[in-house]
Amino acid sequence: MLEKALYGDKKYWSLVFILGGFILLGLFFYLKQYNTGLTITGLGRDVSWGFYIAQLTFLVGVAASAVMVVLPYYLHNFKVFGKITILGEFLAISSVTMCMLFVVVDLGQPFRMLNMFLHPSLNSVLFWDSVVLSVYLLLNLIIGWTLLGAERKGIAPPRWVKPIILLSIPWAISIHTVTAFLYCGLAARPFWMTAVLAPRFLASAFAAGPALLILFSFILKKYTKFDAGKEAVQKLAMIATYAMLANIFFILMEIFTAFYSNIPEHIDHFKFLFVGLQGNTLMVPWMWASSILAVIAALLLVIPKSRNNTTTLGIACVAVFLSIWIDKGMGMIVAGFTPSPLHVVVDYWPTWPELFISIGIYAIGLLMITGLYKIALSVRGEA
Amino acid sequence: MGIDRRKFIKYAGLTTVAGILGKNPIDALADDEIAVSSEPLKPIVGKRWAMVVDLKKCRQKEGCHDCIDACHHIHNVPDFDNPKDEVKWIWKDHFKHAFVEQEHEYISDEVKHTEILLLCNHCDDAPCVRVCPTQATWKRDDGIVMMDMHRCIGCRYCLVACPYGSRSFNWRDPRPFIKETDPDFPTRMRGVVEKCNFCAERLAKGQMPACVEVCSEGCLVFGDLEDPESEVRELLRSNFTIRRKPGLGTKPEVYYIV
């Protein structure tokens with residue numbers, strides 16, 4: 001089936017080459033980082049994880065959100081999702097791949113990576129995170145490929161794939177839970193030490209992922225013969241609505257707990273994000289933008305009229321995606337380090353090389369999505 | 001585990017030396033000429049190492065950084081002269097940073113203005129050891145939290161988990177920034193984490209930690225907590241001491257007399 005990604009029109013190839021260009025640019029900067037060390041990033045002694053790990057966190061959510069189409073389709077036999085389920089699974093495959101790449105570029109000694117499996121440390125959440133992510137990638141590869149292969153031959157999928165699909169449902173929940181556990185079990189970092197972190201991660205993932213799928217189905221409808229169907233899009237929009245409301249609810253819970261208890265070490269991180277701390281206001285405009293986008297998205301999604309309208313739904317989905325990307329992909333990780341355990345505020349901002357390496361990884365993910373979607377649509381004669 | 005590795009390195013080293021001298025390594029081991037010293041080294045052993053920092057004494061000699069210099073020299077700690085890339089094993093910081101939750105507006109000038117010596121606490125229940133995905137950092141039976149710079153993959157999860165900021169990462173190649181390389185201790189490469197090791201390599205040779213040895217005021221006392229007669233136990237008995245962030249349950253093994 002892979003060969004189907006090799007035949008396409010001019011538009012398809014232009015997209016492939018543009019993404020390829022960004023990948024090469026990212027690779028160039030990665031080689032530079034590999035040769036000089038992580039000093040070329042904005043990271044340092046006090047803010048030791050930043051943009052890379054934040055993207056990992058965000059993308060684990062996108063990967064996990066595939067469960068929002070897989071679960072209704074396979075568990076509740078919700079036929080409307082028949083056409084987009086494969087899109088969800090392929091989105092998961094490319095997101096998990098991006099997650100893994102973001103871990104690799106963050107390592108000081110990437111060639112020693114396999115030490116994680118040669119000397120496994122069962123008490124390290126990072127070890128478990130790499131285990132659940134690898135298995136999730138494998139599950140989705142097997143499921144997506146088997147189902148699409150069966151569809152191509154016009155036969156029913158083999159029966160052995162059903163238990164794998166069922167396993168992938170709790171597994172999707174597990175990848176984002178374990179990713180939250182990376183952070184929420186650390187006594188040193190009060191900002192992350194909250195039991196609501198994993199639920200909050202899942203809620204924001206189940207809003208951002210379906211929002212992205214809606215946007216993808218709009219794009220595919222415009223440029224290909226694919227049509228997810230109005231009902232499928234509306235159901236996804238409903239899922240994104242409830243998840244976004246749950247996400248906002250969880251954030252408000254965090255703010256109440258921190259500010260009513262009045263414990264400085266919990267409050268300071270929120271101050272850093274929303275009003276600035278010790279003169280550092282780098283995150284303030286971004287976090288307010290994220291909050292305003294969240295409110296706009298919630299309103300557009302909750303009001304039936306704007307949810308049913310393609311244009312306003314599109315705007316709502318972009319707002320959901322951007323709001324959650326800023327929250328998880330920018331604020332969440334850096335705020336955990338600011339202030340530091342010694343109560344020092346150190347400025348962190350990603351450098352150009354760091355950004356280009358990240359853009360390169362996103363380009364790899366988008367290239368995978370482009371190729372995989374091309375294959376899926378070609379099999380169905382909808383390319 | 002640490003002992004095995006040390007033995008291995010020792011024998012590997014001897015084999016190499018023998019190889020250079022063109023002798024059969026087995027013979028070389030038995031040969032008096034090759035023996036490192038006529039007197040066998042007597043390592044200092046303990047059951048649970050701890051340190052007491054007497055800030056009352058330390059304050060007497062303001063601006064002194066003999067211990068920092070000694071440690072950073074013998075351990076080949078680079079000096080980058082910028083806080084972002086900084087690597088440090090032992091350093092000084094203000095009370096409000098060292099004891100964040102103890103700070104208040106009316107604290108005595110004496111405490112407010114003098115800097116406090118900070119280093120790895122060699123916690124009994126070390127979060128860095130718990131989170132390391134490769135067991136590159138581990139705890140010895142005598143309580144020293146060790147670091148294997150050859151196994152470390154540079155994920156920096158330990159930096160994230162340490163509540164004391166005691167760990168440093170080599171953001172770039174440290175070697176050009178070492179003022180004077182001490183051949184007795186390995187230099188590091190970029191991309192790995194390092195920290196204070198309570199001078200495990202010196203204890204093995206029967207020497208006290210460098211910071212303790214060099215301090216002319218006797219502010220630093222190192223000893224075995226399990227030995228009721230030890231000097232650290234005597235100091236803990238006769239003084240009021242505090243530890244950094246005891247509420248986190250890490251059980252730090254560096255005690256301060258304020």
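Within any chain, residue numbers begin from 1 and follow the written order of that chain's sequence. Numbering of ligands from 1 and lettering of chains from A proceed in the order in which they are written. Local features in a predicted model are, by the rule used here, given only for residues with pLDDT of at least 70; side-chain atom pairs are given and counted only at 80 or more, and totals for whole chains, interfaces and linings are based on all residues.

Undergrad: Even after reading the chapter, I still don't get the overall build of chain A, so can you show me in this structure?
TA: Here a strand is any run of E in DSSP of at least two residues, a helix any run of H or I of at least four, and the numbering for each starts at the N terminus. Summing up its helical and strand segments, chain A has 14 helices and zero strands in all. Taken from the N to the C terminus, the helices and strands of chain A come in the order α-α-α-α-α-α-α-α-α-α-α-α-α-α. Taking the principal axes of the C-alpha coordinates as reference, chain A spans close to 65 × 50 × 40 Å. Three exposure classes are used. Buried residues have 20 or more other C-beta atoms within 10 Å of their own C-beta, exposed residues have 12 or fewer, and partly exposed residues fall in between, all C-beta atoms being placed from the backbone. Buried positions account for 48% of the 383 residues belonging to chain A. Whether two residues are in contact depends on their C-beta atoms, placed from the backbone: they are in contact if these lie within 7 Å. Expressed as a percentage of contacts within chain A between residues at least 6 apart in sequence, the contacts between residues at least 24 apart total 79%.

Undergrad: How should the confidence of the model for chain B be read in this particular structure?
TA: Predicted coordinates in areas of low pLDDT are best not read in detail. Every residue gets a pLDDT, meaning the predictor's confidence in that residue, from 0 to 100. Mean pLDDT over chain B works out to 88, with 84% of the residues at or above the 70 mark. Across the whole predicted complex the pTM is 0.91, and at the interface the ipTM reaches 0.93.

Undergrad: What is the right way to read the interface of chain A and chain B from this model?
TA: Listed per partner, the contact involves 31 residues of chain A and 40 residues of chain B. Listing elements by their share of the side of chain A that touches chain B, those giving two or more residues are helix H5 (115–118) and helix H6 (125–153) of chain A. Classifying every residue of the side of chain A that touches chain B gives 14 nonpolar, 14 polar and three charged. Any residue that is not Ala, Val, Leu, Ile, Met, Phe, Trp, Tyr, Cys, Pro, Asp, Glu, Lys or Arg is counted as polar, Gly included; the first ten are nonpolar and the last four charged.

Undergrad: What is the right way to read the environment of Val258 of chain B from this model?
TA: Residues and elements named next belong to chain B. Tracing the backbone shows Val258 in the segment after strand E10 (254–257). Taking the C-alpha atoms as reference points, Val258 and Pro78, 180 residues apart in sequence, are found 30 Å from one another. With residues up to four places along the chain from it excluded, the contact list for Val258 reads Leu55, Val111 and Ile242.

Undergrad: Explain the domain arrangement of chain A to me, please; I cannot follow it from the model alone.
TA: Often, the extent of an interface is quoted as the loss of accessible area on bringing the components together. All names here are of chain A. Along its sequence, chain A is carved into domain 1 (1–188 + 349–383) and domain 2 (191–196 + 240–340). With 14 residues of domain 1 at the contact, the number on the domain 2 side is 15 residues. Examining the composition of the side of domain 1 that touches domain 2, we find that six residues originate from one element, helix H2 (residues 51–64), more than from any other. Its residues assigned to classes, the side of domain 1 that touches domain 2 shows nine nonpolar, four polar and one charged. For the domains described, the bounds stem from an automatic or database domain assignment.

Undergrad: What exactly am I supposed to notice about the pairing of strand E1 (residues 49–54) of chain B here?
TA: Residues and elements named next belong to chain B. Burial of E1 is extensive: six of the six residues sit out of reach of the surface. Burial of the side chains of E1 extends over both faces: Trp49, Met51 and Val53 are buried on one face and Ala50, Val52 and Asp54 on the other. Only when DSSP finds a minimum of two bridges between them are two strands counted as paired. Pairing analysis gives five bridges linking E1 to strand E8 (residues 220–224), with the strands arranged antiparallel. Within E8, the residue paired with Ala50 across the bridge is Gly223. Here four bridges tie E1 to E10, and the two strands are oriented parallel to one another. Pairing of Val53 across the sheet is with Tyr256, part of E10.

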